[in-house]
Amino acid sequence: MTFRVTLRMELKPGAEHAFVDEWHRGTDAVTGHPANLGQWLCKDTTVDDVYWIVSDWLDEPRFRAFENSPAHLEHRARLHPYRSGGSFHTMEVTAHIPGPAASPDA
């Protein structure tokens, strides 16, 4: 069962470009971990200066091991100066039903 993590990042005004650049520089800290299934950076379409970071993991114990790793702590510290607030959420994906656009023939 996939373990999903979402982080809502509220950015300081004017920090968007620097934050996005720093996020891209640090992606290997997450996707380089053997338990990571992928990650996404999403810009909120209704609230200015808000981004969502989503990552999928094989399971919660392996995510928690990553969460306390030096690589993650360094990556998190590099993003912190751009953040003014936010929230952190975890969940287990219990079902996934792909739509027709997900087909390799689409």
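K.L.:
If you had to explain the overall build of the protein chain to someone new, which residues and values would you point to?
P.N.:
Assigned secondary structure in the protein chain consists of 4 helices and 4 strands. Counting helices and strands in the order they occur from the N terminus, the protein chain gives β-α-α-β-β-α-α-β. Taken along the three principal axes of its C-alpha coordinates, the protein chain extends 40 × 35 × 20 Å. Within the protein chain, the proportion of its 106 residues that are buried is 33%.

K.L.:
Can you tell me about the environment of Trp40, naming the residues and giving the values?
P.N.:
Among the structural elements, Trp40 can be located in strand E2 (residues 36-43). Apart from the residues within four sequence positions on either side, Trp40 is in contact with Trp23, Trp52, Ile53, Val54, Ser55 and Asp56.

K.L.:
Give a detailed account of the environment of Gly32, specifying residues and quantitative values.
P.N.:
Within the element layout of this structure, Gly32 appears in the loop between helix H2 (27-31) and E2. Separated by 45 residues in the primary sequence, Gly32 and Ala77 have C-alpha atoms spaced 18 Å apart.

K.L.:
Before we move on, can you summarise the pattern of salt bridges with the specific residues and values?
P.N.:
Scanning all chains against the criterion turns up 8 salt bridges. Arg4 is the salt-bridge partner of Asp56, the closest N and O atoms lying 2.6 Å from each other. Pair noted here: Asp56 is in strand E3 (residues 50-57) and Arg4 is in strand E1 (residues 3-11), with a separation of 52 residues, a long-range link. Overall, Asp56 belongs to the buried group, its relative accessible area being 8%.

K.L.:
How would you explain the packing of aromatic side chains if you had to name every residue and give the values?
P.N.:
As enumerated under the stated definition, the model contains 6 aromatic pairs in all. When the centroid spacing of 5.7 Å and the interplanar angle of 40° are considered together, the rings of Phe3 and Phe63 count as tilted. Note that Phe3 is positioned in strand E1 and Phe63 in helix H3 (residues 60-67), a separation of 60 residues in sequence. In this pair, the class of Phe3 matches that of Phe63, namely buried. Among the aromatic residues, those joined into a ring-pair cluster are Phe3, Trp57, Phe63, Phe66 and Phe88.

About the cut-offs
- Residues numbered from 1 in each chain as written.
- Predicted model: local features only at pLDDT ≥ 70, side-chain atom pairs only at ≥ 80, totals over all residues.
- Heavy atoms only, no water.
- Helix = DSSP H or I, 4+ residues; strand = E, 2+ residues; numbered from the N terminus.
- Buried < 20%, exposed > 50% of the residue type's maximum accessible area, 1.4 Å probe, protein only.
- Contact = heavy atoms within 4.5 Å.
- Salt bridge = Lys/Arg side-chain N within 4 Å of Asp/Glu carboxyl O.
- Phe/Tyr/Trp six-rings, centres within 6.5 Å; stacked < 30°, edge-to-face > 60°.

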